[in-house]
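# Observations on chain architecture
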2 protein chains.
Amino acid sequence: MPGHPRTPSAKARRPAPFALPYTTVDVVLFTIREGALHALLARRPRTPGEPYPGLWALPGGFVDVDRDEDLLACARRKLSGKTGVRSAYFEQLGGWGGRRRDPRGWSSTHVYIALAASDGLELRSGGNAEEVAWFAVGEGGQRGRLAFDHAAILAAAIERLRAKVEYTSLPAFLLAEPFTLPQLQRAYEIILGRALDKSSFRTRMLDAGFLAEAGSIDGEGNRPAMGYRIRDRDAPAIFPRTFRAREDSSP
Amino acid sequence: MPGHPRTPSAKARRPAPFALPYTTVDVVLFTIREGALHALLARRPRTPGEPYPGLWALPGGFVDVDRDEDLLACARRKLSGKTGVRSAYFEQLGGWGGRRRDPRGWSSTHVYIALAASDGLELRSGGNAEEVAWFAVGEGGQRGRLAFDHAAILAAAIERLRAKVEYTSLPAFLLAEPFTLPQLQRAYEIILGRALDKSSFRTRMLDAGFLAEAGSIDGEGNRPAMGYRIRDRDAPAIFPRTFRAREDSSP
DNA sequence: TTAATAGTGTCTATGAGACAGTATCAA
DNA sequence: TTGATACTGTCTCATAGACACTATTAA
């Protein structure tokens with residue numbers, strides 16, 4: 001976790017009369033690139049004393065008691081250090097904590113899911129020149145090992161995203177505005193891994209009322225489509241049904 | 001946070017080269033009592049140095065690096081110290097952390113929602129003789145002040161519960177087994193604050209397949225009802241629709 | 001028989017999915 | 001005109017809600 005605070009202490013703070021766990025914040029940033037769902041990973045430094053040197057991990061690290069006002073501010077700081085994200089949607093995924101997840105001792109992490117468009121994103125390799133890269137979220141098993149318990153965290157993030165895509169407008173936060181309804185439908189289909197009906201998709205999105213028209217967008221040699229923006233970027237819309245309400249009722 | 005570790009240190013553990021936040025775990029235990037949703041609260045000790053003396057707070061406290069294997073184990077320990085819960089359903093609610101939420105310094109908490117039947121529950125006042133009590137979850141504003149940011153956490157827990165009740169089998173975890181479908185429906189109606197149709201409720205619950213028959217249960221001077229148990233106590237069932245798919249479409 | 005609650009059947013409205021058809025652009 | 005994509009209409013089917021009806025117990 002490069003860039004974590006090295007200041008020996010902070011202000012006049014009495015040390016606790018008992019051992020404290022480490023507190024970290026990690027971020028799973030999703031985007032859509034090249035027709036596939038991707039997550040951002042950062043390579044662990046090879047500095048002596050750092051665990052899992054050279055392995056890929058989620059961007060994140062220790063809470064800085066002096067710089068971070070709260071958990072969300074910490075998450076934003078961790079992410080903006082790796083990439084110039086302008087406005088991402090943040091949502092808490094959960095907490096992981098225990099004796100064994102970090103070789104340095106008992107630690108707990110607060111994990112955020114972040115969603116952003118990949119268009120204008122530039123990956124910065126930060127001051128410590130760590131490597132940062134997008135990894136396609138495959139269907140089956142993950143690519144190589146990840147540091148700490150980050151493979152489990154990433155899997156949980158993917159599971160949560162897939163589940164919520166069934167009944168929320170989350171994929172809209174993965175697109176650059178303004179976007180068209182066919183683009184949005186493609187985002188849904190990429191994450192769900194299955195095709196959706198065009199007609200019902202459109203009525204569903206428009207009836208939910210979370211989109212605002214933003215002028216038409218020219219296609220390439222075809223009919224232009226209406227562009228849309230998200231009305232409220234702070235919260236996704238929630239649909240009253242999941243997509244596949246239909247079940248295979250085989251006798 | 002009574003009962004938190006007072007051991008000066010733990011094993012041979014190097015102190016961190018930077019200031020660490022405090023790490024706590026808090027639990028929002030819900031139950032149904034006297035026809036209303038209740039949450040468990042514990043009174044803060046009046047020991048000198050403890051913040052918010054005498055105020056009500058969520059049961060919880062510092063992670064004990066020596067005793068707690070992970071976050072969930074810590075949550076179970078915090079809860080079983082206050083009440084003899086046999087088997088409660090646990091689910092992570094989220095994390096709260098920041099500079100100002102605890103006057104002692106930067107702290108973060110991992111909050112769990114727990115659901116249990118109130119029938120056999122006996123509230124223990126623990127070794128420190130702290131007071132523990134059920135509080136009805138009112139519709140409007142909360143009762144008195146709560147310690148820390150626990151009023152906001154409790155509000156978030158209620159909001160999460162109300163939201164998930166629309167499309168999950170969570171209320172079943174608030175009942176003692178075996179329970180009947182009318183009892184389950186009453187639990188739903190109490191949390192949702194509105195009546196549900198009997199017929200559609202029954203088909204919905206039975207079709208979801210999360211219930212197992214457990215013999216009939218005699219009523220008092222009326223027709224006995226079928227008793228049910230939860231098939232899988234580790235995870236709730238998820239329905240493909242919310243209850244109120246119907247919207248008021250006034251022109 | 002009555003009271004009380006458990007459980008079922010029947011009708012209707014809603015909306016998702018299937019899919020055919022129309023609209024609008026460039027070349 | 002063709003090709004390509006955007007968008008709409010029409011049909012069907014599943015199911016939630018409304019509500020009337022039947023079932024089973026004790027007194």
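Reading the values: the criteria
- Residues numbered from 1 in each chain as written.
- Chains lettered and ligands numbered in written order.
- Predicted model: local features only at pLDDT ≥ 70, side-chain atom pairs only at ≥ 80, totals over all residues.
- Heavy atoms only, no water.
- Helix = DSSP H or I, 4+ residues; strand = E, 2+ residues; numbered from the N terminus.
- Contact = heavy atoms within 4.5 Å.
- Areas by Shrake-Rupley, 256 points an atom, 1.4 Å probe, with all protein chains shown as cover.
- Near = heavy atom within 4 Å.
- Polar contact = N/O pair within 3.5 Å; in protein donor to acceptor, adjacent residues only side chain to side chain.
- Nonpolar A, V, L, I, M, F, W, Y, C, P; charged D, E, K, R; others polar.
- Phe/Tyr/Trp six-rings, centres within 6.5 Å; stacked < 30°, edge-to-face > 60°.
- Axes fitted to C-alpha atoms, helices over the stretch in contact; angles between N-to-C directions.
- Parallel < 35°, antiparallel > 145°, perpendicular 65-115°, else oblique.
- Pairing = 2+ DSSP bridges.
- Buried < 20%, exposed > 50% of the residue type's maximum accessible area, 1.4 Å probe, protein only.
- Arc of directions from axis to C-beta.
- Domains from an automatic or database assignment.
- Buried area = accessible area lost by both parts, 1.4 Å probe.
- Salt bridge = Lys/Arg side-chain N within 4 Å of Asp/Glu carboxyl O.
- Expected span 1.5 Å × (residues − 1).

Take the overall build of chain A next. Helix and strand content of chain A: four helices and ten strands. Listing each helix as α and each strand as β along chain A from the N terminus yields β-β-β-β-α-β-β-β-α-β-α-α-β-β. Within chain A, counting contacts between residues at least 6 apart in sequence, those at least 24 apart form 67% of the total. As displayed, chain A offers around 12000 Å² of accessible surface, 49% of which is attributable to carbon and sulfur atoms.

Our focus in this paragraph is unusual backbone geometry. Excluding glycine, residues mostly have negative phi values, and the peptide bonds linking residues are mostly trans. For the peptide bond that leads from Glu177(A) to Pro178(A), omega is -5°, which places it in the cis range. In this fold, Pro178(A) is placed in the loop between helix 2 (150-165) and strand 8 (179-180). Positioned with a positive phi, Glu34(A) is a non-glycine residue whose angle comes to about 50°. Its identity is not glycine, yet Phe148(B) carries a phi of approximately 50°, on the positive side. Position of Phe148(B) among the secondary structure elements: in the loop between strand 7 (132-136) and helix 2 (150-165).

What follows concerns the protein's contact with DNA strand C. As a structural note, the neighbourhood of DNA strand C is formed by 22 residues, with Phe243(A), Lys198(B), Ser199(B), Asn222(B) and Met226(B) the closest of them. Of everything in DNA strand C that lies within 4 Å of the protein, sugar and phosphate atoms constitute 65%. Side-chain polar atom of Arg223(B) to a base nitrogen of DNA strand C: 3.0 Å apart, as the coordinates give it. Here Met226(B) contributes a backbone N or O atom positioned 2.8 Å from a phosphate oxygen of DNA strand C. When contributions to the surface near DNA strand C are tallied by element, the ones reaching two or more residues are helix 4 (198-208) of chain A together with helix 3 (181-192), helix 4 (198-208) and strand 10 (225-230) of chain B. Here the element with the most residues in the surface near DNA strand C is helix 4 of chain B; it accounts for three residues. Across the surface near DNA strand C, the residue classes break down as six nonpolar, seven polar and nine charged.

The next thing to look at is the packing of aromatic side chains. Summed over the entire model, instances satisfying the criterion amount to 21 aromatic pairs over all chains. An angle of 15° between the planes, with centres 6.3 Å apart, marks the rings of Phe201(A) and Phe243(A) as stacked. Taken together, the residues Phe201(A) in helix 4 and Phe243(A) in the segment after strand 10 (225-230) connect sequence positions 42 residues apart. On the basis of an interplanar angle of 70° and a centroid distance of 4.9 Å, the ring pair of Trp56(B) and Phe135(B) is categorised as edge-to-face.

This part covers the packing of helix 3 (residues 181-192) of chain A against helix 4 of chain A. All names here are of chain A. Axis separation between helix 3 and helix 4 bottoms out at 11 Å; the angle between their running directions is 105°. Judged by the inter-axis angle, helix 3 sits roughly perpendicular to helix 4. Between helix 3 and helix 4, the residues in contact are Leu181, Pro182, Leu184, Gln185 and Tyr188 and Lys198, Phe201, Arg202, Met205 and Leu206, respectively. Here the residues of the contact of helix 3 with helix 4 sort into seven nonpolar, one polar and two charged.

A few words on the sheet that holds strand 9 (residues 211-217) of chain A. Residue and element names in this part refer to chain A. With antiparallel pairing, three strands are arranged side by side in an open sheet as 8-10-9. Since the sheet does not close on itself, it has two edges, and those belong to strand 8 and strand 9, each with one partner. Here strand 9 pairs with strand 10 via five bridges, running antiparallel. Bridging from a neighbouring strand, isoleucine 217 pairs with alanine 225 of strand 10.

Glancing now at the environment of Gly193(B). For Gly193(B), the location among the structural elements is in the loop between helix 3 and helix 4. The spatial distance from the C-alpha of Gly193(B) to the C-alpha of Ala36(B) is 9.8 Å, given a sequence separation of 157 residues.

A few words on helix 4 of chain A. Residues and elements named next belong to chain A. Considered for burial, the residues of helix 4 that qualify are Phe201, Arg204 and Met205. For helix 4, the angular spread of the buried residues around the axis is 90°, confining them to a single face. Seen from the buried face of helix 4, the exposed residues on the opposite side, beyond 90 degrees, are Ser199 and Asp207. Structurally, helix 4 contributes buried residues whose contacts are with helix 3 and strand 9. Of the residues flanking the start of helix 4, the one acting as N-cap is aspartate 197, its side-chain oxygen 3.1 Å from the backbone nitrogen of serine 199.

A few words now on the sheet that holds strand 10 of chain B. Here we have three strands laid out as an open sheet, ordered 8-10-9 (chain B), and antiparallel in their pairing. In the strand order of this sheet, the two ends are held by strand 8 (179-180) and strand 9 (211-217) of chain B, each with one partner.

It is worth spelling out the protein's contact with DNA strand D at this point. Taken together, 21 residues are adjacent to DNA strand D, and Lys198(A), Gly221(A), Asn222(A), Met226(A) and Phe243(B) come closest. Looking at DNA strand D alone, sugar and phosphate atoms form 64% of those within 4 Å of the protein. At 2.6 Å from a base nitrogen of DNA strand D is found a main-chain nitrogen or oxygen belonging to Gly221(A). Listing elements by their share of the surface near DNA strand D, those giving two or more residues are helix 3, helix 4 and strand 10 of chain A together with helix 4 of chain B. Looking at the surface near DNA strand D, the element that brings in the most residues is helix 4 of chain A, giving three residues.

We now examine the side chain of Gln185(A). Residues and elements named next belong to chain A. The topology assignment puts glutamine 185 in helix 3. A polar side-chain atom of glutamine 185 sits 2.8 Å from the main-chain carbonyl oxygen of leucine 196. Ignoring sequence-local partners within four residues, the contact set of glutamine 185 consists of Leu196, Asp197, Lys198 and Phe201.

Our next topic: the domain arrangement of chain A. Residues and elements named next belong to chain A. As far as domains go, chain A holds domain 1 (22-163) and domain 2 (166-230). Between domain 1 and domain 2, the contact holds 16 residues from the first and eleven residues from the second. Between domain 1 and domain 2, roughly 1200 Å² of surface is buried when both sides are summed, and carbon and sulfur atoms account for 72% of that area. For the interface between domain 1 and domain 2, the tally reads zero salt bridges.

This brings us to helix 1 (residues 71-82) of chain B. Taking 1.5 Å per residue, twelve residues should reach 16 Å; helix 1 of chain B reaches 17 Å between its end C-alpha atoms and fits that length. Between the side-chain oxygen at the start of helix 1 of chain B and the backbone nitrogen of Leu72(B) there is a gap of 3.4 Å, and the oxygen is on Asp70(B).

A few words now on the environment of Ser216(A). Residue and element names in this part refer to chain A. Looking at the secondary structure, you find serine 216 in strand 9. A relative accessible area of 52% places serine 216 in the exposed class. Expressed as a C-alpha distance, the spacing of serine 216 and glycine 120, which sit 96 residues apart in the sequence, is 21 Å. Ignoring sequence-local partners within four residues, the contact set of serine 216 consists of Ala225, Met226 and Gly227.

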